[in-house]
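# Observations on the model geometry
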Amino acid sequence: MLKNLRVTTSKYIDKTSRVSFKFNGKAYFGYKGDTLASALLANDVHLVGRSFKYHRPRGIMTSGSEEPNAIVQVNNNTALTEPNVRATELEIYHGLEATSQNCWPSVNFDIGGINNFLSPLLPAGFYYKTFMWPANFWEKYEYVIRHSAGLGKSPTEPDPDIYDHKYIHCDVLVIGAGISGIMAAKTAAKNNLKTLLLDEKNEIGGSTIFQNSKHVKINDQNSSTWLENEIKELRNIENLEIKTRTSVAAYHGYNYLLARENLTDHLPKNEKNKKIRQRLLKIRAKKVIVATGSLERPLVFNNNDRPGIMLSSAVKKYADYYGVATGQKNIFFTNNDTAYESAISLNKKGIKVEAIIDIREQSNTAFTKEAEDLGIKVYRSYTVVNTEGYKKINKITIMELSSNGQSFANQEKIELDCDCLAITGGWTPAVHLFTQSGGKLKFREKDQVFIPDLYPSDQISIGSSNGDFELDDIIKNSTKSLKEFLNIKETEFDNLEINCPKDKEIRNIWLLPSDKVLGKTKPFVDYQNDATAKDIKLALREGFKSIEHVKRYTTTGMGTDQGKLGNMHALGIIADTAGIKVGELGTTTFRPPYTPLTFGTMVGRNVGEYFDAFRRTPMNDWHIENKAEFENVGQWKRAWYYPKKDETMHDAVQRESKAARYSAGILDASTLGKIDIQGTDSSEFLNRVYTNAWSKLAIGKCRYGLMLNEDGMVYDDGVTTRLDENHYIMTTTTGGAANVLSKLEDYLQTEWPELDVYLSSVTDHYATASVCGPNSKKILNKIIPDLDLSDESFPHMSFKNAKIDNIKCRVMRISFTGEHSYEINVQANFGKSIWEKCMDAGQEFKITPYGTETMHLLRAEKGFIIVGQDTDGTMTPIDLQMDWIVSKKKYDFIGKRSLYRSDTMKEDRKQLVGLITDNPSEVLEEGAQIVANTNATPVAMLGHVTSSYYSPNLNKSIALAVVRGGKNMMGQKLIIAMENKNINVTIVDPVFFDKENVRLNA
Amino acid sequence: MFLITCPFCGEREQSEFKAGGEAHIERPKQPTELSDDEWAEYLFMRKNIKGVQFERWNHAHGCRKWFNMIRDTSNDTIKAVYKMGEKPPVK
Amino acid sequence: MKNRYSIFSLIKNAFSYHENWQKAWKDPTPKKEYDAVIIGGGGHGLATAYYLAKKHNMTNIAVVEKGWIGGGNTGRNTTIIRSNYLWDASAGLYDHALKLWEGLSQEINYNVMFSQRGVMNLAHNLQDIRDLKRRTHANRLNGIDAVYLSTEEVKKFCPIINTSPNIRYPVLGGTLQRRAGTARHDAVAWGYARGADEMGVDIIQNCEVKGIKRNGDEVEGIETTKGFIKTKKVGVVAAGHSSVLANMAGLRLPLESKPLQALVSEPVKPIIDTVVMSNAVHAYVSQSDKGELVIGAGTDDYISYSQKGSHDIVEGTLNAILELYPIFSRMRMLRQWGGIVDICPDASPIISKTNVKGLYFNCGWGTGGFKATPGSGDLFAHTIANDEPHKLNAAFNLNRFISGDLVDEHGAAAVAH
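Residues numbered from 1 in each chain as written. Chains lettered and ligands numbered in written order. Predicted model: local features only at pLDDT ≥ 70, side-chain atom pairs only at ≥ 80, totals over all residues. Heavy atoms only, no water.

### Topic: the overall build of chain A
For clarity, the threshold we go by: The numbering of helices and of strands both runs from the N terminus, where a helix is a DSSP run of H or I of at least 4 residues and a strand a run of E of at least 2. For the radius of gyration, the atoms used are the C-alpha atoms, and the globule rule reads 2.2 Å times the number of residues raised to 0.38. Accessible area is worked out with a 1.4 Å probe on protein chains only. A residue is then buried under 20% of its type maximum, exposed over 50%, and partly exposed in between.
Scanning chain A for helices and strands turns up 24 helices and 51 strands. Against the 2.2 N^0.38 benchmark of 30 Å for 1002 residues, chain A shows a C-alpha radius of gyration of 38 Å, more extended than a compact globule. With respect to the principal axes defined by its C-alpha atoms, chain A has extents near 115 × 70 × 55 Å. Counting over 1002 residues, chain A shows a buried share of 65%.

Below, the structure written as structure tokens:
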């Protein structure tokens, strides 16, 4: 028995295009232009969901983004599913499937509804007072609590949609395209300012666009007609961009705003494909005009949450904008005139209005008179004390208020039948964005609203978001503000003739009285979280005084609507109970985003391979072609090892290591950081940043340097080469390059500006192939035959310029493996060809490409450290037994002073040593802890294994480690305490192989 | 997100900059002559002001120049920027 | 004697419509003099007061709070609790706290909802693996439960993590501390406050400290917006604002106060049953009992007391979240906020005497103080009561910045706090 409640035509609904959709498995149809909420209401569906805590049936309450109740799961069980979507915002499309949330088995029959009967046991904060026994049972209680909490369901598949970011710079950003926003945008754009106008709805015009009262006129036209003409003109203005379905999420400092533009959610399923779903606009505006309007307040009374109880403005919008009657027996319940305006509009469409219940004693405006003239029964000074109807309201009970509004004039109760109760408690300016930006509010007693007071940046608020609720105030005050703000003399709105009813009365009662004791009633303040006025009073009784405490204790305002409807009532009830004024209490902080913001939108394109770009060397393709496995180091992809068919990593590394020691190996060392240093004070600069001395380094020579932090701990290392009198090239670790440069620049610019030194990062400019092994010289000789490679001319730790096939290169004879080796540096785009040339030349020597793992093994055999692996930010050069590199003569260098603090001078600090295992085939785990005995608890740890390998060249397991006092423990036995066993090790010198460095010159 | 005026490049997004902490802490000219206490004072102790602070910023993703900024740390209002070595334009 | 909280008291009170619950704490005006005053009514400060009263018989004491109790970082953090720290000193401190967490609800008769759902730390590169293994071994030898997990075991424990080897930061392994988990942050502050109040501690809210009065090298009292309070012992536990208070006493601290942000999603049904932290991509996530994904972002690099951070930090965190959990792309951010954390150069806290007699500081917890709340309170109370640190907080003294004996969790353990 589907009912069609589409009672009138509307220009915003395209009746020629029917849209079918499913709700809770059942097929319905609506029209293009409908939201899910309007389409459901047209089909007489009010019950949409269940509340969070008590699982009470809930219906559609609003017509916008403030909706607390009607939130649904969209496209359940598909990759496109989305939880907690507000039916009042969701535009229907062909194929839409929506389902109710937080109910089982169905929204009509929900087992969780039992919570409603248990509610006496579930006051605010009940969970803090119980579930503590037995002591270890919390996880079991929690399991049940967790499964009954939550609303919708998270997607379980990756998101097929794409998202985007866009930066926008504009002169003026106008937020909200109601009447004041439209005036602002027009004024700004016509005055040659690049203007952006945003609105969260699919159409602009706000609520004025469906304003139809004969009492509200601009220049003798209906205000809606006037606005339509304005909008027509607006569309033709240059300098102005209008974006609809665009919700401003956050207003940060310096007029930086984030907005979400929704591009495809309203499109039929087949049209969504491969289009950008949502775009995050990152807006930097010179000036911002906030015209976000206001939110209608509900009224707080017993059982004010049943399906069919809606905001009065929503009832009006569903009728006037969507052409949908939300009920056939409507009753309005109000404290202000807008309900009369809505009732008149319904009445004129032939939708029955049974009565208006008005808590005010009087109001005499054109609206109230017209309503009475139309024969609508008005109960003045009455309040609703109860509602009935489980899944939809069917009856209300009203009583006459006493003059102070806190009790009743008599005990008479009147029952009225209805199927929709439209409530309004006045209006709250939407100051969320204003306060997010750092704005300070002031409280206006007259109508109990917070309005903007102090602006933190170049912005204004206008219209009802600034507390102007009447059309003449809106237009006159907005015009005045705009002229001042934009510094213009006149606008086209200066002399409009405006008619609207004035002198409206308002009576504010935050918590309406009930004939029952409060404890027996359910006056909801936060609908979604089921927080009632009695919860708030309980919190106050228990000593929670600040609004933030009450909010947290009762969860008021913590739902997906973030308290857009109820926060003011919470404040009001607290203030009333505590006997202070709302203005003194202050408001809670409004936190971004204004409405929930999709993670995907925040992330935009920064997903998958664009999450964080890889850096790849010029030889990368060669490594891939040659089946290298890769290791991520810093941002780089580095060849880790090159397994041949069926080889394990261990096999490959053993093979590569041997080849490098006994014939020739080649390593892609392009990722090492390279900093070009020039200037007449370059040597002095190096003296200050490295621990060792640099003044006497001859041109053409290389030197290893260790760099400390100012706290004396090893920071980075690398070889620096003196290319010329005033020209060096420094290498850094792969991961440390950017930080080293930035640290050096810091010292240079801020501490030593007198030094004539210039630094440039040239890491990406060069490709580096490192050829090592006994045959490296022969290979070099083949590719650079005219270069004198004799030890006399080109000794270890020196460099030469050379040319390979006319390509300029720098050749350094330096070694990280302990073998005779050369690093060939060429301009990056020749990297691959030089690499291949080395491979060709080395073929006869079975030159073997090796990766980082083999490099690590080879250097460990030599006892060379890797900063970041053998050091961890707590190691001094002395700890590393590298005293030789710390100049005693130099007056100062970065970190020197810290080496002489009492702790850094201690003899028993952790020091770098070598370890060998009793069982030579047992390879230690890197990170394993070293102890002297395992009997005590806790076990005293002396240090840990930093690097560990099976050395193919020594045929045994070797390791580097740091051990407390290790320097003086050579030959001592210690234990590696593993989970299941102890491994016996002996402390040895960290140089395992070729201590005399004969191979360097071999 | 601040909008920072680099003294060399003009107005740029905060994301181009790196903060460098309190300004005008000069590195001691003769560190070795300081006591452990004095050295720790230089190395670690900071005013960490709530209010108007003189601090260092680096236009890291721009001209790479370090410069000074005067900013109210209680509300993040930038009062002024000035080059290294220059006198602060406001107190 | 207050109402004892239990299911029975709930039932009993239901019959009187919960009209008869007593105040969880009073709202006293400050006395002229106390034996000790704690500045800062967050979890740590309230816990300090609780243990001073409970274990050291100091009941003539007050906690003064500028705003409302638990309104600072206690109420703003992502509530991760774990003790799997690398260094002995840290492990001792945090595991002491963890042990107190384990009986806390019963101890203070307030359900702090300590949920030992486990905390995983992920490794994304070879050095991460070394660091996490090193830490796991150290934890085990220090008597702290910790296991190293392979990628497959990570996936098994938390199936929604993207463990594909082809992502930018593939999951190469991880560690799991099963005793670790989360707790309800507000409840910790409220529970300690209620407990302390019951033993006679004055909890004074909306009372801002304007000065710390010294007589030479001794503390005499504090100037507040509610007047001068005389006391010989002042314990400062005012995360974020520690330096501001130190300046009042003429001290400087090795701290910088920086913005730290966090966010929650809209609530959904249970989807992640543990806490997962990844340092390399900087993302940590858990799910609150209410169903919100609770996501911690990083700190900004500048000093600020504005309780706001930059958008880039939040965006970067969500980038990382979607890298590891692509299924969350259509989830929505409900709320984001910022706090102020004071950070020590070695990323370890200070629980210490100062060179002013009677002035004690508990600060520098950086981004990880919540987990230590009970332990920090207990040890700080010990330090204040005895004018000597407990052996568990001896290493966390101020002198370490002079001697160089830092507890460098920062440099050493590649693990987020």
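Still more ground to cover, so stick around.
### Considering the overall build of chain C
Heads up, the rule is: Contact between two residues is taken to exist if any of their heavy atoms lie within 4.5 Å; hydrogens are not considered. A 1.4 Å probe and the Shrake-Rupley method give the accessible areas. Residues count as covered only by the protein chains that appear here. When charges are counted, neither His nor the chain ends are considered; positive counts come from Lys and Arg and negative counts from Asp and Glu. Taken as the charge centre is NZ of Lys, CZ of Arg, CG of Asp or CD of Glu, depending on the residue.
Scanning chain C from N- to C-terminus turns up twelve helices and 20 strands. In terms of overall dimensions, chain C is globule-like: its C-alpha atoms have a radius of gyration of 21 Å, near the 22 Å expected for 417 residues. Split into buried and exposed, the 417 residues of chain C put 71% on the buried side. Taking as baseline every contact in chain C between residues at least 6 positions apart, the subset at least 24 positions apart corresponds to 76%. Carbon and sulfur atoms make up 51% of the accessible area of chain C, which totals about 12,300 Å². When the 46 basic and 41 acidic side-chain charges of chain C are each reduced to a single mean position, those positions are 3 Å apart.

### Details of the pairing of strand β3 (residues 61–64) of chain C
Residue and element names in this part refer to chain C. Going by this rule: DSSP-based pairing: two strands are paired if at least 2 bridges between them are found. Whether a crossover is right-handed depends on one test, that the path from the first strand over the helix to the second runs clockwise when the strands point away from the viewer.
Here β3 shows no split at all, with I61 and V63 on one side and A62 and V64 on the other all buried. Pairing geometry for strand β2 (residues 36–39) and β3, over four bridges, is parallel. Paired with I39 across the two strands is V64, which belongs to β3. Handedness of the crossover joining β2 and β3 through helix α2 (residues 43–56): right-handed. Examined bridge by bridge, β3 and strand β9 (residues 202–204) share three bridges and lie parallel to one another. Following the sheet pairing, V64 is matched in β9 by I204.

### Some thoughts on the interface of chain A and chain C
Interfaces are often sized by the amount of accessible area the parts lose when they come together. Rules: Buried area adds together the accessible area that both of two parts lose upon being put together, with accessible area traced by a 1.4 Å probe. Whenever a carboxyl oxygen of Asp or Glu lies within 4 Å of a side-chain nitrogen of Lys or Arg, that contact is scored as a salt bridge. A 3.5 Å cut-off defines polar contacts: any pair of N or O atoms within that distance qualifies, except that in protein one atom must be a possible hydrogen donor and the other a possible acceptor, and neighbouring residues in sequence count only when both atoms are side-chain atoms. Note on residue classes: Ala, Val, Leu, Ile, Met, Phe, Trp, Tyr, Cys and Pro are nonpolar, Asp, Glu, Lys and Arg are charged, and everything else, Gly too, is polar.
On the side of chain C, 100 residues touch chain A, which itself brings 118 residues to the contact. Here chain A meets chain C over a buried area of about 9,600 Å², counting both sides, of which 56% is carbon and sulfur. Broken down residue by residue, the surface that chain A buries against chain C is led by Y128(A), R146(A) and F599(A), which jointly contribute 9%. Where chain A packs against chain C, one counts 13 salt bridges. The shortest N-O distance in the salt bridge between D161(A) and R330(C) comes to 2.7 Å. Linking chain A with chain C are 59 residue pairs in polar contact (both at pLDDT 80 or more). Counting residues per element, the side of chain A that touches chain C draws most heavily on helix α4 (residues 138–148) of chain A, which supplies seven residues. Residue classes in the side of chain A that touches chain C are distributed as 49 nonpolar, 41 polar and 28 charged. Note that strand β32 (residues 597–598) of chain A and strand β18 (residues 332–343) of chain C share two bridges and pair antiparallel. Opposite L597(A), over in β18(C), you have M333(C) as the bridge partner.

### So, α2(C)
All names here are of chain C. Which entries qualify depends on this criterion: Under the convention used throughout, the expected extent of a helix is 1.5 Å for every residue step, that is, one less than its residue count.
Across its 14 residues, α2 extends 19 Å between first and last C-alpha, which sits within 8% of the 20 Å expected from 1.5 Å per residue. Burial runs high along α2: eleven of the 14 residues are buried. Taken as a whole, α2 has its buried residues at G43, H44, G45, L46, A47, T48, A49, Y50, Y51, L52 and A53. Remark: N57 follows α2 within two positions and exhibits a positive phi of approximately 60°.

### So, the interface of chain C and chain B
Every contact between the two is made by 26 residues of chain C and, on the other side, 26 residues of chain B. Buried area between chain C and chain B, summed over both chains or domains, comes out near 2,200 Å², and the portion from carbon and sulfur atoms is 53%. Ranking the residues of chain C by area buried against chain B places R252(C), I303(C) and I402(C) at the top, with a combined share of 30%. Linking chain C to chain B there are two salt bridges.

### Points about the packing of aromatic side chains
All names here are of chain A. The line we're drawing: Pairing of aromatic rings covers Phe, Tyr and Trp, the last counted by its six-membered ring, and requires centre-to-centre distances within 6.5 Å; plane angles under 30 degrees mean stacked, over 60 mean edge-to-face, and any other angle means tilted. Only when the NZ of Lys or the CZ of Arg is both within 6 Å of the ring centre and within 35 degrees of the ring normal is a charge said to sit over the ring.
On inspection of all chains with the given rule, the structure shows 50 aromatic pairs over all chains. Seen from the ring of W694, R703 lies directly overhead, with NZ or CZ sitting 5.9 Å from the centre. Seen from the ring of Y715, K743 lies directly overhead, with NZ or CZ sitting 4.3 Å from the centre.

### What to know about the pattern of salt bridges
Proximity of charged atoms lets side chains of opposite charge pair with each other. Residues and elements named next belong to chain A. Taken as a whole and assessed by the stated rule, the structure comprises 108 salt bridges over all chains. Residue K129 is joined to E542 by a salt bridge in which the shortest nitrogen-to-oxygen separation is 3.0 Å. Here K129, found in helix α3 (residues 126–129), pairs with E542, found in the loop between α13 (533–541) and α14 (547–554); they are 413 residues apart in sequence, far enough to count as distant. The class for K129 is buried, based on a relative accessible area of 0%.

### With respect to the sheet that holds strand β12 (residues 227–231) of chain C
Residues and elements named next belong to chain C. The four strands are arranged β1-β12-β11-β10 in an open sheet whose pairing can be described as mixed. Where the open sheet ends on each side, the last strands, each with one partner, are β1 (33–34) and β10 (209–215). Pairing analysis gives two bridges linking β1 to β12, with the strands arranged parallel. Residue Y34 lies in a different strand from β12, and its bridge partner there is T231.

### As for the domain arrangement of chain A
Operational definition: For the purposes of this description, domain bounds are those given by an automatic or database domain assignment.
What the domain assignment reports for chain A is domain 1 (14–121), domain 2 (162–294 + 429–499), domain 3 (325–423), domain 4 (668–858) and domain 5 (899–1002). Placing a centre on the C-alpha atoms of domain 1 of chain A and another on those of domain 4 of chain A gives a separation of 66 Å.

### Structural notes on the sheet that holds strand β39 (residues 727–732) of chain A
Residue and element names in this part refer to chain A. The test is simple: In this analysis an axis means a line fitted to C-alpha atoms, helices contributing only their contacting stretch, and an angle means the value between N-to-C directions, from 0 to 180 degrees.
On the basis of which strands lie adjacent, the open sheet formed by five strands has the order β37-β38-β39-β36-β40 and antiparallel pairing. Both outer strands of the open sheet, β37 (702–708) and β40 (758–761), are each paired with one neighbouring strand and no more. For this sheet the average axis-to-axis angle between neighbouring strands, irrespective of direction, equals 25°. The pairing of β37 with strand β38 (residues 714–724) spans seven bridges and is classified as antiparallel. The residue of β38 that forms the bridge with M707 is D716. Sheet strands in contact with helix α20 (residues 682–689) are β36 (673–678), β37, β38, β39 and β40, and its direction is about 25° off that of β39. Most of the contacts of helix α21 (residues 737–751) go to β40, to which it runs at about 165°, and overall it touches β36, β37, β38, β39 and β40.

### Looking at the nonpolar core
Under the convention used in this document: We define the nonpolar core as a collection of buried residues of types Ala, Val, Leu, Ile, Met, Phe, Trp, Tyr and Cys that are connected through side-chain atoms lying within 4.5 Å of one another.
Ranked by internal contacts, the top residues of the largest apolar core, which has 207 residues, are L36(A), F333(A), I357(A), I396(A) and I423(A). Excluding anything up to four places from it in sequence, I396(A) contacts I331(A), I357(A), V384(A), N386(A), T387(A), I414(A), E415(A), L416(A), C418(A) and L421(A). In terms of nonpolar packing, the next biggest core, distinct from the first, is built from 43 residues, L258(A), I271(C), I327(C) and M331(C) among them.

### Let's talk about the packing of helix α3 (residues 88–102) of chain C against helix α10 (residues 373–386) of chain C
All names here are of chain C. Test applied: Throughout this description, any angle smaller than 35 degrees is read as roughly parallel, any larger than 145 degrees as roughly antiparallel, any in the 65 to 115 degree range as roughly perpendicular, and the remainder as oblique.
Packing of α3 against α10 brings their axes to within 7 Å, and their N-to-C directions diverge by 110°. Comparing the axis directions of α3 and α10 gives the class roughly perpendicular. Here α3 contributes L93, H96, A97, L100 and W101 to the contact with α10, which in turn contributes T373, P374, G375, D378 and L379. Looking at the contact of α3 with α10, its residues break down into six nonpolar, three polar and one charged.

### Focus: the environment of V237(C)
All names here are of chain C. Note that V237 resides in the loop between β13 (234–236) and α8 (242–248). The spacing of V237 and F401 is 164 residues in sequence and 19 Å in space, taken between C-alpha atoms. Sequence-distant contacts of V237, that is, excluding residues within four places in its chain, are made with I38, I39, G40, H44, G45, T48, N362 and F380.

### Regarding unusual backbone geometry
The general pattern is negative phi for most residues beyond glycine and trans for most peptide bonds. All names here are of chain A. Along the chain, W104 connects to P105 via a cis peptide bond; the corresponding omega equals 5°. As for its position among the elements, P105 is in the loop between β7 (97–100) and α2 (114–118). Omega for the peptide link from W133 to P134 comes to -10°, which places this bond in the cis form. Even without being glycine, H55 reaches a positive phi, approximately 55°. Within the secondary structure layout, H55 lies in the loop between β3 (47–50) and β4 (57–59).

### Some remarks on a nonpolar patch on the surface
The line we're drawing: Every patch collects residues that have over 30% relative accessible area and no salt bridge, joining them within 9 Å if they carry like charges and within 5 Å if they are nonpolar side chains (Val, Leu, Ile, Met, Phe, Trp, Tyr).
Together, I7(C), F8(C), I11(C) and F15(C) make up a nonpolar patch on the protein surface, roughly 450 Å² of accessible area in all. Along the chain, F15(C) falls in helix α1 (residues 7–15).

### Re the side chain of T817(A)
Residue and element names in this part refer to chain A. Tracing the backbone shows T817 in the loop between β43 (807–813) and β44 (821–827). Note on T817: relative accessible area 4%, which makes it buried. Within polar-contact distance, the side chain of T817 engages the backbone nitrogen of E819 at 3.1 Å. Leaving out residues up to four positions away in the same chain, T817 has contacts with R661, C772, Y850, L858 and K862.

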